[in-house]
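Structural features, examined
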Amino acid sequence: MPPASTRPTSRDVAQAAGVSQAAVSLVLGGKWKGRVSAATAERVRAAAAELGYRPNLAARNLRLGRTRTVLLVVPALTTEFFAGVYTGAARVAARHGFGVVLYPSPEGIGPARDPFASAQSALDGVIASSMAADALSAIRGDHGDRGDRGDQLPLVMLDSDPEGPGTATVNLDIADGVRQVAEHLLGLGHRDFLHLAADVPSWTFEVRARELAARLAGVPGTRLRAVRAPISIKGAVAAVRGALEGAERPTAVVCDDDQLAAGTYKAARRVGLRIPEDLSVTGIDDLAVATAIDPELTTVRLDAELFGERGMRALLAVLEGEEPEEGDIPVSLVVRGSTAAPGA
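This section reports on the structure supplied with the text.

Conventions adopted
Residues numbered from 1 in each chain as written. Predicted model: local features only at pLDDT ≥ 70, side-chain atom pairs only at ≥ 80, totals over all residues. Heavy atoms only, no water. Axes fitted to C-alpha atoms, helices over the stretch in contact; angles between N-to-C directions. Helix = DSSP H or I, 4+ residues; strand = E, 2+ residues; numbered from the N terminus. Parallel < 35°, antiparallel > 145°, perpendicular 65-115°, else oblique. Left-handed = near helix turned anticlockwise from the far one by under 90°. Contact = heavy atoms within 4.5 Å. Nonpolar A, V, L, I, M, F, W, Y, C, P; charged D, E, K, R; others polar. Pairing = 2+ DSSP bridges. Core = buried A, V, L, I, M, F, W, Y, C linked by side-chain atoms within 4.5 Å. Buried < 20%, exposed > 50% of the residue type's maximum accessible area, 1.4 Å probe, protein only. Salt bridge = Lys/Arg side-chain N within 4 Å of Asp/Glu carboxyl O. Expected span 1.5 Å × (residues − 1). Arc of directions from axis to C-beta.

Regarding the packing of helix α5 (residues 81-95) against helix α13 (residues 304-319)
At a minimum axis distance of 6 Å, the contact between α5 and α13 shows a crossing angle of 40°. Looking at the two axes, α5 sits oblique to α13. The interaxial crossing formed by α5 with α13 has right-handed handedness. Across the interface between the two elements, F81, G84, V85, T87, G88, A89, R91, V92 and A93 from α5 touch A304, E305, F307, G308, E309, M312, R313 and L316 from α13. Class assignment of the residues belonging to the contact of α5 with α13 gives a composition of nine nonpolar, four polar and four charged.

Focus: the sheet that holds strand β3 (residues 125-129)
What the five strands build is an open sheet, ordered β2-β1-β3-β4-β5; its pairing is parallel. Sheet topology places β2 (99-104) and β5 (168-170) at the edges, where each strand pairs with a single neighbour. Strand-to-strand twist in this sheet, taken as the mean axis angle between neighbours without regard to direction, amounts to 20°. Bridge count for strand β1 (residues 69-74) against β2 is six bridges, and the pairing is parallel. Paired with V70 across the bridge in β2 is V100. Strands in contact with α5 are β1, β2, β3 and β4 (155-158); relative to β2, the strand with the most contacts, it is inclined by about 160°.

Considering the nonpolar core
F81 and M312 are the most contacted members of the largest nonpolar core, which has 46 residues in total. Examining the composition of this core, we find that eight residues originate from one element, α13, more than from any other. Residues contacting M312, with those up to four places away along its chain left out, are V70, A89, V92, A93, F98, V100 and I127. By size, the runner-up hydrophobic cluster in this structure holds 27 residues, among which are A261, A262, A267 and A268.

Re the sheet that holds strand β9 (residues 280-285)
What holds strands together in a sheet is hydrogen bonding between their backbones, with the strands either parallel or antiparallel. Strand order in the open sheet formed by six strands is β7-β6-β8-β9-β10-β11, with mixed pairing between adjacent strands. Edge positions in the sheet fall to β7 (223-229) and β11 (332-334), since each has one partner strand and no second. Looking at each pair of strands side by side, their axes are set apart by 20° on average, direction ignored.

A look at the pattern of salt bridges
For the structure on display, the rule yields 17 salt bridges. Of the charged contacts in the structure, one is a salt bridge between E309 and R91, with a shortest N-O distance of 2.4 Å. On the criterion of sequence distance, the pair formed by E309 in helix α13 and R91 in helix α5 is long-range, its members being 218 residues apart. Its relative accessible area of 15% is what places E309 among the buried residues. R91 gets classed as partly exposed once you look at its relative accessible area, which sits at 30%.

Some details on helix α9 (residues 203-217)
Between its first and last C-alpha atoms α9 spans 21 Å; for 15 residues at 1.5 Å apiece the expected length is 21 Å, and the two agree. For α9, the set of buried residues is T204, F205, V207, R208, E211, L212 and L216. With its buried residues spanning 150° around the axis, α9 presents them on a single face. In this structure, the buried side of α9 is in contact with α8 (174-188), β6 (192-198), β7, β8 (252-255) and β9.

Structure, rendered in structure tokens:
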């Protein structure tokens, strides 16, 4: 055993376990399966624990050309949803010795710009949602030199077009969530709909509009109108009030986001409409606001932490040359007090 004042090395672990340093590296690096026996791996781990050995990550990263740092780019931190995405991604990253740098768009909701010019050399990969194409080029190193890693930075896109620029894409099953909303409202007897759409250029909101229109088009006697609003309560009030004051007002408002739904509540009350007696309202996200308003909001629950976890797992798979997990993340409709039959 090394003197108490000396930090134990992999050589010390190898001597204590009766194996080579290469075997120690394989075991502690998680690469031992199929190369050393389970009994040997256990002996190495026991020796490392007894000696208090910790791998020198800085030296290992230098050898591998890795920084073990991932950039998570989100459109905004205006709701707790993206905080959940970060929590999930960071949890998985920590288990694998990675750190996550969070970069919200300084413009708020919308595309994010290149966060720092040296991204190519400072990062191992990017997980991004709603990012501009020019920022992707700058961050991924299309015009930068990464030394012996001259290829582009691996990119995992969240809630984005599967045919887009990402090395891999992780999506929530938003289309199914919209279909669940439509089926619920149609089942209650609604035929006159207003879609309060997020005024954000993003694939996920295009999917919501397309799926809602497609589902309602297949039901005779339905009518669908749409208005757009920035994702805020104030923006929703301004956008939806006119439609609620008209003679041919809708009986149901389908909102792209829970904040838009909260704004719809406010607009409805200003024009004397009751929810759900006069107007049914639905959202998407299941944020804290969904149960803070009265009546509580019928909405589509999105698992933000699982979303972040899947994104990080996909990036780790790409870095290891493996295929990421396939399939969209399921979502579920949570029926609460904001929906009822027309004129209930």
